[in-house]
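Read off the chains here:
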Amino acid sequence: NAGVMQNPRHLVRRRGQEARLRCSPMKGHSHVYWYRQLPEEGLKFMVYLQKENIIDESGMPKERFSAEFPKEGPSILRIQQVVRGDSAAYFCASSPSRGRNSGNTIYFGEGSWLTVV
Amino acid sequence: GESVGLHLPTLSVQEGDNSIINCAYSNSASDYFIWYKQESGKGPQFIIDIRSNMDKRQGQRVTVLLNKTVKHLSLQIAATQPGDSAVYFCADSGAGKSTFGDGTTLTVKP
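Parameters at a glance
Residues numbered from 1 in each chain as written. Chains lettered and ligands numbered in written order. Predicted model: local features only at pLDDT ≥ 70, side-chain atom pairs only at ≥ 80, totals over all residues. Heavy atoms only, no water. Helix = DSSP H or I, 4+ residues; strand = E, 2+ residues; numbered from the N terminus. Rg over C-alpha atoms; globule rule 2.2 N^0.38 Å. Buried < 20%, exposed > 50% of the residue type's maximum accessible area, 1.4 Å probe, protein only. Contact = heavy atoms within 4.5 Å. Areas by Shrake-Rupley, 256 points an atom, 1.4 Å probe, with all protein chains shown as cover. Lys, Arg positive; Asp, Glu negative; His and termini not counted. Charge placed at Lys NZ, Arg CZ, Asp CG, Glu CD. Buried area = accessible area lost by both parts, 1.4 Å probe. Salt bridge = Lys/Arg side-chain N within 4 Å of Asp/Glu carboxyl O. Polar contact = N/O pair within 3.5 Å; in protein donor to acceptor, adjacent residues only side chain to side chain. Nonpolar A, V, L, I, M, F, W, Y, C, P; charged D, E, K, R; others polar. Disulfide = S-S within 2.5 Å. Core = buried A, V, L, I, M, F, W, Y, C linked by side-chain atoms within 4.5 Å.

Trainee: Can you tell me about the overall build of chain B, naming the residues and giving the values?
Mentor: From N to C terminus, chain B includes 0 helices and 11 strands. By the compact-globule yardstick of 13 Å for 110 residues, chain B fits well, its C-alpha radius of gyration being 13 Å. Each principal axis of the C-alpha distribution contributes one length, and for chain B these read about 40 × 25 × 20 Å. Among the 110 residues that make up chain B, the fraction classed as buried is 45%. Considering only intrachain contacts with a sequence separation of at least 6, the fraction spanning at least 24 residues in chain B is 52%. Entry remark: accessible area of chain B is about 5,200 Å², with carbon and sulfur atoms responsible for 47%. Separation of charge centres in chain B, based on 10 positive and 10 negative side chains, amounts to 2 Å.

So this is what it looks like as structure tokens:
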């Protein structure tokens, strides 16, 4: 049973280019989360999605960042006009259905390392 | 806003000793917590979880303790091994998103 799959694992972009990071959740999981991790720091929540819906995007920067989880295919985190400060590891996680008031374990992928030069 | 924090950013222990990593949280309504282990260049890996209706949970060589009165939880690793060297995060994983602390780097000396 494959885990959370992310690609690319490493991505280099020049300032001003676009970065697209893809995430396929674990089989049977319908919830996807994106986190960002700067060097020597913890994981910061960005966005929580279900199929075709953004549930919580409170951690997403207001500009240049967007996320989607279409009915078919992987979830995509898109960063437009990248800047050096976007260099980080971006982790995707997934979980099965989540009760409204109950916690649920989320499982992480191996991350996508974005370097902006 | 809610937050999760760790008491020490680094911890160094001798191989074979027990390790204790601490974490504090601010949201008294939090009802589910997870400890993750992250090795260099990899994603966080689930270690153990605990719900607020428990104060202790044991796994293989690991124990999590939850003190809701002072909003504190700890991860105990018995007989620490070199393979345990990693960054350890606690996460408040109630409804909605999970909130992570900044992590404790555990170094195991041979």
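Trainee: Can you lay out the interface of chain B and chain A for me, pointing to particular residues and giving the numbers?
Mentor: Contact with chain B, which involves 22 residues of that partner, is made by 25 residues of chain A. Taking both partners together, chain B and chain A bury about 1,700 Å²; carbon and sulfur atoms supply 51% of that area. At the junction of chain B and chain A, the tally comes to 1 salt bridge. Residue Lys44 of chain A pairs with Asp102 of chain B through a salt bridge whose shortest N-O separation is 3.4 Å. One can count 7 residue pairs in polar contact (both at pLDDT 80 or more) joining chain B with chain A. Only β4 (32-38) and β5 (45-51) of chain B provide two or more residues apiece to the side of chain B that touches chain A. Per element, the largest residue contribution to the side of chain B that touches chain A is 4 residues, and it comes from β4 of chain B. Of the residues that constitute the side of chain B that touches chain A, the class distribution is 8 nonpolar, 8 polar and 6 charged.

Trainee: Give me the lowdown on the state of the cysteines, citing residues and values where you can.
Mentor: All names here are of chain A. In total, this model carries 2 disulfides over all chains according to the counting rule given. Paired by a disulfide, Cys23 and Cys92 hold their sulfur atoms 1.8 Å apart. Given an S-S torsion of about -60°, the disulfide between Cys23 and Cys92 has left-handed geometry. With Cys23 in strand β3 (residues 19-24) and Cys92 in strand β9 (residues 88-95), the pair connects residues that are 69 residues apart, well separated along the chain. Overall, Cys23 belongs to the buried group, its relative accessible area being 0%. Among the residues examined, Cys92 registers a relative accessible area of 0% and is labelled buried.

Trainee: Go over the nonpolar core, please, and point to the residues and values.
Mentor: Counting residues in each nonpolar core, the largest one holds 23 residues, and the members touching the most others are Trp34, Met46, Leu77 and Tyr90 of chain A. When residues of this core are traced back to their parent elements, those giving at least two are β3, β4 (31-37), β5 (43-50), β7 (65-68), β8 (75-79), β9 and β11 (112-116) of chain A. Those residues in contact with Tyr90 of chain A that sit more than four places away from it in its chain are Gln6, Leu21, Trp34, Tyr35, Arg36, Met46, Phe65, Leu77, Ile79, Gly111, Ser112 and Leu114 of chain A. Judged by nonpolar contacts, the second largest core, of 21 residues, contains Ile21, Trp35, Leu73 and Cys90 of chain B.

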